[in-house]
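Architecture and fold: a report
So you can see what is in the structure, the chains are spelled out below.
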Amino acid sequence: MKRLLTITLILLSAGLLAQSEYETYAWNTVPPRNQTDTIKSVDGTVVLLERRITEVYVSPNDILEEIFVFHKKIKVESHQAVNEQNKIYIPVHNVIDFIKIEARFISPGGKISNLKAESIKEVENLENKGNFRTFVIEGAEVGGQIEYFYILRKKLNPYGSVYIQEDVPKGDVQVIYAYPSKLGFLIKSYNGFPDFVLSSDDKGKNYLKSNAGYIPSLRTEAYAYYKANLMRYEFTLAYNNYVSSLRQYSWSKACSNLYPNLIVLKKNEESAVRSWIKKLNIPERDLSTKVRYIENRIKSEISISEDMNQDLDLAEIIKLKQSGKHDALRLLLAILQAENIRFEIVLTSDMEVQPFDPEFNCFNFLDTYLVHIPEINAYIAPSDPLYRMGIIPSICQGEFALFMHPISYNEELNTLAYDIRQIPSATCYENTDTMFQVINVDFDQAELKVKSRRAFYGDVARNFQSFWHYTDDKRKAEILPLMFNMGSENTHINSYSVINEKPENIGLNPIIWDLDITASALVENAGDDIVVKIGETIGTQSELYQATTRKLPIKIDVLRNYYRNIVFNIPAGYKVANPTDLNMHVEMLNNGKTSCIFTSESKIVGNQLIIISKEYYSESEYPVSRYEEFRSVINAAADYNKKTLILKKI
Amino acid sequence: MTTMRFMISNKPLFLCFVKVVIVFFCFTLASSAQPSADLARLLAKYPGNFVIAESVTRDVNFEITRNGETELSFSDYQAIFVLADNATVLSESKEYFNSQLKVRELEAYSLVPIDNAYKKQTVTDFTKAREAGDGVYYDDLYTYLFNFPSVCKGSRLVTTSKTVSSDPFYPVVFYFGGNIPVEQAKLTLTFPDNVVVSHRMFGYDTTSVSFSKTKKGRYNTYTWSGSSSKSYLADEQSPSSRYFTPHVIINIDGYSYKGKYNKILGSLKDLYDWDYSKITSINTEISPEVKYIADSITANLESSREKVRQIYSWVQQNIKYVAIEDGDNGLVPRQASLVLQRRYGDCKDKSSLLTAMIRSVGLNSNFAWVGTRKLPYKYTDFPALSNSNHMIAVWWDEHNKPVILDGTTLYHSLGEIPSAIQGKQCIIEQGPDNFMLYEIPVSKADENISTDSVWISIENGLLKGHGKATFTGEPKSEIMASFEAIDSARYVNILNKLIPKASNKCKYTTAQVSALDNLDQPFTITYDFELPDYVTTNSGSSYVNMNIQRFMNDSQLKADRWIPVELETPFINRFVSVLQVPDNTAIGILPEISIFNQPGLNFRQQYNRKGNTVILTSEITTLNRSFSGEEISRFRDMLIALNKAYNKSIVLSGN
């Protein structure tokens, strides 16, 4: 997406070419600002200094470029820490010139080992992520400090995001942006990273600076969007008075850049789309069926690949049945237009990483496409073959987004009009998992024989509908006992059948499984009595048993609802001694309403024990302060796993 | 473990969820059939498969040029046939190439069924990329990424390439199976009369591969041809797929040129000569820095063993492991002085420093080449460069016996050998003309003991207690590494993973471990814990299963398992559970003794009452580390017996 938006900045008239202030950066050019001696390492690592300097200037060719300095000093106190920190990779993307790379190791005794220039290697297109320079720190030992800096001359990076916080603590973090006063940058800090402060000198240069004396380590936690919660900043070039006084890199600029890229078709593209539409035989049915049909044909026939570097036009895409991600969007839009189906292009960000900030007008959050069909209020993820209309990827649900639709002022003047709105979220009832289970005890084998019908709806179903059709039987046989496990031990799927498993059912029909299962580790002998681990028959539930101080707010990616109906046939000659042990009710209230809940109720009817369990999570976010309440509901389901029935001889 | 890559190989066919990852081939199109007939035939033959390899072919030509140079040229062809709808996921593809191969041609195309004829659509865009393998810092392996057009049911995805290598030492390795069925796999090798070659099949089902020889003029052609309807996919606790996937390895033994025979690689001695040539210029003199550090850490030590112990430990701890694959640099150890200065290196570099340091204190040490257990090969069966992927050092002890030193491990003490090389042959260098072939011993069960003892009681329905776990040998080195990586405050958080108890609700409240720098003693963890919701109480009775640790309870062997079961090492696993029973409590019938006794596999579990305690002792012993054929079902029987024994509770009744 972002490559569609990026434009090269060529200046019309150059300003004065200023001497770079940081081109000659050295170990001690910028004095440390903060004392870091007292910061305690985490798992053997503490970053003592991390400095980023971006100095923007006008090149002799009247192009905006930048000097970028990165300087880091890390104390390593364990073997693992040395192993993790001693390999450095420098991305070469947009680099015009490597001005300097220096690295050294300072031993606990103060001995300094400098990196030799010949030890630096170049790696071409590593993992298809572009070129890198790389080196290993020499002389590193436990207790010392790894320190390196590099100075790069680069093409201007006009906008982006920088994550500061990691799973290791940091002291003395400094960020400096220096640029001619004819430019205007906007930088916004998130999650507690200190705000940037603007200053100017008398030579026409502006500085935006932020520094933090201590940034604690932050680790991943369950039910949280880790990266979205890390301290970071977003920056954008907002004004370039060398060329215009108008706002740069704004949403309205995005609209004017995107219109020709996404909406306007070449003649050959138009005719290719028209003739493909003829072949598609789009059914003359209701709008929803029609749109689903179009989406399904595109996704089942055209390979949509992130790795496609080629720019193909729509005619070639239709012919070769392959496309990059944004071209898949273009194709969908072209067909929708040809079929006179009204749409909005929705641009947002991955909320797991970088939630859309509706108050920061910039390109930074314009990363992920959806297409909205207003008439039926439905969303399509146009370039993700794992989704179909009806299911919005969880990373977009509830996100703010740039909603754009084509408008035409006259034949000459067409563009996209926009507004910022929120993408809707699915309720838990849309993502339901139901279980109807009948259980018999086989005393001879000390096993449970289980007939189970499971129906998954919405996103729960999508998880399987998106890949089941291209899974070989052998692999399916491996996956099934994991999916329908009854405790981790010895679940055998004797036979199964499934319907609605193909991707065209995503967002439309539930996937329904009928299973014949043997669970061979759930019957225990206890003298004359029998202990049945009935709780395990609902499958291993996720848990938050580990008691740690919660740091991240709670985030549930997909809200879910579970209904379980279990019939346990009590073996002849036995009675269930403890049926009420299965009764559970754990609930979290929010504003007086049930927010999430786990319940289980059992009753004996004739020779059957009938258990009904309900569980749902209706809200996706809670602050850290509500963690214990949330945890108790999650753990209630896992506690149910521990429930046992005592069968006593009558 | 580190890597020294020696082969010119097709990769075993590998299909993962999102990508088909395969290698290079060439061939003329065999099929003139109609697409619908092809599809119907293959669907009938391979039910339940989404995709198969229809044809995997490699033609190899070995030639001596007029000026006496050798050239190996490879033509590779591979056709994947798609058997299901919605197959667009197969479009993304990649080809791997070793740095010793020059790529002359690379083509990929789809044969798309249109109007019951195949239409060719060619890939026009290839992206070259580097990949870093697991734990490898720098790798000269590279790939071409591309996307097949028009992938649909009934389409054939074809990749062809032509590559050459001028180095005749690297063996040709060809796999006749992968993790998807292979309809036809064929290898041909053509070479002139003046060339001598040797070859050997490896893996299972090798009789399914036919071999024939033909001759045309002065050229010989060897042909191997096979097919495999089954997929060769590694399973839980199985050896690497090389052990069972049928494959052939071919060496060029030598050739005559102008009346003179030029040896290449036809014997163990040839292999040694090649290996030795990579170390001749290494450490010809011991640098003062190396000597200084060796002297300083062995000062005041009298015995040779103690000196070597210190040196070994110092290199393990102070030279960081960094794997670099870089052409010939991937084969030649660096000078000890450079390794010492850099403080990092791979297996060869660490061996270089180890041998130099040991020699510098007047003791005898040599390099040795070995293949890790990932490789199924023995030097005595078929010597080839593909046998080795690792380098170690050897110290000749007081009795002139070789002691293996693997510098890449952190938590094996002198005399302990990483499981990854146990049982493998190694070639120990002894000068330009001599070497020793040495079989690295496999550790015994009683050298790899894990013991967990718990003292438990039940208070108000809550089971709690304290425990002590002790580890020796391989389990020790694995467990110690987990603790080194984290702060001591977090030890309690990792115990659920390292010494899991019967419930995931187990809460470890304290944890202390023995010294992490003392490799010569067993490693111990002492801890306190609680197991909430573990005991079921009913009408004054408590039902408690004393198997709080259930070793291997989640291991399963499928009924049709044919791949051998492979364990890290033989081992003994002991568990003792001592339950304190309150006064005035009746103890119900104790479960009977459980015994499983089969060759190489023993399990015994017994309950005893002693005063106010019930004691459960459980011990599992495996005397071997590999179980194949009939032994697999015995292993399965033991797992079943174990689970039966684990599923027993005792009843405590209050008076």
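1. Some details on the sheet that holds strand β35 (residues 571-580) of chain B
All names here are of chain B. Strand order in the open sheet formed by eight strands is β30-β31-β29-β28-β35-β39-β38-β37, and the pairing between neighbours is mixed. On the outer flanks of this sheet lie β30 (507-513) and β37 (594-598), each paired with one strand and no other. Between one strand axis and the next, the sheet turns by 15° as a mean value, whatever way the strands run. Pairing geometry for strand β29 (residues 462-471) and strand β31 (residues 523-531), over nine bridges, is antiparallel. Looking at β31, one finds that K464 is bridged to E530. Where helix α8 (residues 491-498) meets the sheet, it contacts β30 and β31, and its direction lies at approximately 100° from that of β30. Along the sheet, helix α9 (residues 630-646) contacts β37, β38 (601-610) and β39 (613-622); its crossing angle with β38, the most-contacted strand, is approximately 15°.

2. Overview of the sheet that holds strand β26 (residues 523-526) of chain A
Residue and element names in this part refer to chain A. The four strands lie next to each other as β26-β27-β35-β30, forming an open sheet whose pairing is antiparallel. Of all the strands in the sheet, the pair left with one neighbour each is β26 and β30 (574-576). Each strand axis lies, on average, 30° off the axis of its neighbour in the sheet, ignoring direction. Alignment of β26 against strand β27 (residues 529-532), held across four bridges, turns out to be antiparallel.

3. Looking at the nonpolar core
Core analysis: the biggest nonpolar cluster contains 119 residues, and A:L448, A:F484, A:W513, A:F568, A:F630, B:L90 and B:W224 have the highest contact counts within it. Once residues within four sequence positions are removed from consideration, A:L448 is found in contact with A:I439, A:N440, A:V441, A:I517, A:T518, A:A519, A:L522, A:V523, A:V532 and A:T537. In terms of nonpolar packing, the next biggest core, distinct from the first, is built from 79 residues, A:L258, A:L329, A:L347 and A:M389 among them.

4. Some words on the packing of aromatic side chains
What the rule picks out here adds up to 68 aromatic pairs over all chains. For the ring pair A:W468 and A:W513, a centre distance of 5.1 Å and an interplane angle of 85° mean the geometry is edge-to-face. Of this pair, A:W468 sits in the loop between α8 (458-465) and α9 (473-483) while A:W513 is found in strand β25 (residues 511-519), placing the two residues 45 residues apart along the sequence. Aromatic pair B:F244 and B:W562: ring centres 5.6 Å apart, planes at 80°, arrangement edge-to-face. Of the two residues, B:F244 sits in the loop between β17 (219-228) and β18 (247-257) while B:W562 sits in the loop between β33 (541-544) and β34 (565-566), which places them 318 residues apart along the sequence. For B:F244, a relative accessible area of 0% puts it in the buried group. Note that A:K209 overlies the ring of A:Y207, its terminal NZ or CZ placed 5.1 Å from the centroid. When the ring centre of B:Y109 is taken as reference, the NZ or CZ atom of B:K120 above it lies at 4.2 Å.

5. With respect to the interface of chain B and chain A
With 73 residues of chain B at the interface, the matching set in chain A holds 87 residues. At the junction of chain B and chain A, the tally comes to five salt bridges. Between B:R342 and A:E138 there is a salt bridge; the shortest N-O distance is 3.4 Å. Counting the contacts that link chain B with chain A gives 39 residue pairs in polar contact (both at pLDDT 80 or more). For the side of chain B that touches chain A, the element with the highest residue contribution is strand β9 (residues 127-130) of chain B, accounting for four residues.

6. Comments concerning empty space enclosed by the protein
Considering all chains together, one arrives at seven cavities of 30 Å³ or more under this definition. In terms of lining residues, the largest cavity is bounded by ten residues, among which A:D307, A:M308, B:D125, B:F146 and B:N147 are the most central. Sort the elements by how many residues they give to the lining of the largest cavity and strand β11 (residues 142-147) of chain B lands first, with three residues. Classifying every residue of the lining of the largest cavity by side-chain character gives three nonpolar, five polar and two charged.

7. Description of the confidence of the model for chain A
Within chain A, residue pLDDT values average 93, and 97% of them lie at 70 or more. Low pLDDT, under 50, characterises residues 7-17 of chain A; the stretch is placed with 24 contacts to residues that sit more than four places away or in other chains.

8. A few points about the confidence of the model for chain B
Do not read the fine detail of predicted coordinates wherever pLDDT is low. Residue and element names in this part refer to chain B. When pLDDT is averaged across chain B, the result is 90; 94% of the residues are at 70 or more. Per-element confidence in chain B is highest for strand β25 (residues 402-405), whose mean pLDDT is 98, and lowest for strand β3 (residues 20-22), whose mean pLDDT is 29. When the criterion is pLDDT under 50, residues 11-32 qualifies, and its contacts beyond four places in sequence or with other chains add up to 91 contacts. Confidence metrics for the complex model read pTM 0.92 and ipTM 0.91.

9. Details of α8(A)
All names here are of chain A. Of all eight residues in α8, seven are buried; the element is thus mostly enclosed. Within α8 the residues assigned to the buried category are G458, D459, V460, A461, R462, F464 and Q465. Contact partners of the buried residues in α8: β22 (432-442), β23 (447-456), α9 and β25.

Conventions adopted
Residues numbered from 1 in each chain as written. Chains lettered and ligands numbered in written order. Predicted model: local features only at pLDDT ≥ 70, side-chain atom pairs only at ≥ 80, totals over all residues. Heavy atoms only, no water. Pairing = 2+ DSSP bridges. Helix = DSSP H or I, 4+ residues; strand = E, 2+ residues; numbered from the N terminus. Axes fitted to C-alpha atoms, helices over the stretch in contact; angles between N-to-C directions. Contact = heavy atoms within 4.5 Å. Core = buried A, V, L, I, M, F, W, Y, C linked by side-chain atoms within 4.5 Å. Buried < 20%, exposed > 50% of the residue type's maximum accessible area, 1.4 Å probe, protein only. Phe/Tyr/Trp six-rings, centres within 6.5 Å; stacked < 30°, edge-to-face > 60°. Lys NZ or Arg CZ within 6 Å of the ring centre and 35° of its normal. Salt bridge = Lys/Arg side-chain N within 4 Å of Asp/Glu carboxyl O. Polar contact = N/O pair within 3.5 Å; in protein donor to acceptor, adjacent residues only side chain to side chain. 1 Å grid on protein atoms, 1.4 Å probe; cavity = no way out; pocket = protein on both sides within 12 Å on 5 of 7 lines; lining within 4 Å. Points joined across faces, edges and corners; volume = space filled by probe spheres on them. Nonpolar A, V, L, I, M, F, W, Y, C, P; charged D, E, K, R; others polar. pLDDT = per-residue confidence, 0-100.

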